[in-house]
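# A structural walkthrough
Here is how the chains run, residue by residue.
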Amino acid sequence: MGFLKKSRKPTPFSSGAPKTVLHKNLDFTSTEQYKVLRTNLRFTLPEGVKCPIIGITSSMRGEGKSTTAVNLSYVLAESGKKVLLIDGDLRIPSIAKKMEISGDYGLTNYLMKTEIRPLDSLRSSVIDNWYIMPSGELPPDPSELIGSRRMGALLKTMSEEFDYIIVDLPPVNIVTDAMAISEHITGLVVVVREGYTEKGEVERCFRQLKLSNVKVLGCVINGATHDGASYGKYKKYKYYKYYKYSSEETASK
Ligand SMILES: Nc1ncnc2c1ncn2[C@@H]1O[C@H](COP(=O)(O)OP(=O)(O)O)[C@@H](O)[C@H]1O
Ligand SMILES: [Mg+2]
């Protein structure tokens, strides 16, 4: 379906893109898949939330959380929404690197109230209504900070300014940050990388999320096959499937 349509204007994923490209492997097909994710989210988000705050997590590292966070926030911004992407991985941040911007200033500055700059300084050069908040300097206690009242207050303030907030988070099976932030966000999208993540890890992840009573909005299957060495041969994202996740179903399996 996506192949027949032509992209009307250049996007960061198609040729003619600005240099601030997100992911070299992204092309029009994958953009379509992120648009499907964007649409499906509308069905799983609770009604009447002015600014949904969506955390992106997974069971392990390298499953495509940050890639998903960047691209989901991009397609939302492209649809005209005012979007804030926050690098909430205060352990191994990667949003600034992916966006080719400096990561020194960001979330931790806001949380520690050091050197607050105007929101406009976060505006991306790719789309006007897309704002990127890198991690800032890394703190000694990421879990506490990400679950703190300060974090809640920051998200609340930001949600008055934005239509969507996307928070990139660390993996569930490694640290507790994604659970710690749960009371401050609308819900989580969980990324599972096909052919990469062990079934046991996925189960462990969902078990953990269920125990913590976190709202899971959905699940993204990142379809690249992993060859253990490089991603070079994967010219495109084969597919992204998005489906409604029912914690009861998975837990009973
Ligand atoms: N579907 C995919 N096809 C090819 N490369 C991918 C895909 N998804 C992620 N990657 C690459 O895999 C690496 C890990 O992805 P990333 O989004 O940083 O994972 P995470 O945030 O979950 O640790 C990155 O180099 C990213 O560019
Ligand atoms: Mg990441």
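Keep in mind that this is a model prediction, so the values were computed, not measured.

### A few points about the pattern of salt bridges
Applying the stated criterion across every chain, the model contains seven salt bridges. Put simply, Arg61 and Asp89 hold a salt bridge, and the shortest N to O gap is 2.8 Å. Residue Arg61 is found in the loop between strand E1 (53-58) and helix H2 (65-78), and its partner Asp89 is found in the loop between strand E2 (83-87) and helix H3 (95-99); the two are separated by 28 residues along the sequence. Classification of Arg61 as partly exposed rests on a relative accessible area of 26%. Accessibility expressed as a relative area gives 2% for Asp89, which makes it buried. Taking the shortest distance from any N to any O, the salt bridge between Arg204 and Glu201 comes out at 3.4 Å. Here Glu201 and Arg204 lie together in helix H8 (residues 199-211), a separation of three residues that amounts to about one turn.

### As for the confidence of the model for the protein
In the predicted model, the protein carries a mean pLDDT of 80, and 76% of its residues have values of at least 70. Under a pLDDT of 50 for its full length, residues 1-25 has, in the predicted model, 48 contacts with residues more than four places off or in other chains. Low pLDDT, under 50, characterises residues 224-253; the stretch is placed with 61 contacts to residues that sit more than four places away or in other chains.

### Concerning the pairing of E1
Among the six residues of E1, six are classified as buried, and the element is accordingly described as predominantly covered. The alternating pattern of E1 places Ile53, Gly55 and Thr57 and Ile54, Ile56 and Ser58 on opposite faces, both of which are buried. Note that E1 and strand E5 (residues 187-193) share five bridges and pair parallel. Within E5, the position partnered with Gly55 by the bridge is Leu188.

Conventions adopted
- Residues numbered from 1 in each chain as written.
- Chains lettered and ligands numbered in written order.
- Predicted model: local features only at pLDDT ≥ 70, side-chain atom pairs only at ≥ 80, totals over all residues.
- Heavy atoms only, no water.
- Salt bridge = Lys/Arg side-chain N within 4 Å of Asp/Glu carboxyl O.
- Helix = DSSP H or I, 4+ residues; strand = E, 2+ residues; numbered from the N terminus.
- Buried < 20%, exposed > 50% of the residue type's maximum accessible area, 1.4 Å probe, protein only.
- pLDDT = per-residue confidence, 0-100.
- Contact = heavy atoms within 4.5 Å.
- Pairing = 2+ DSSP bridges.

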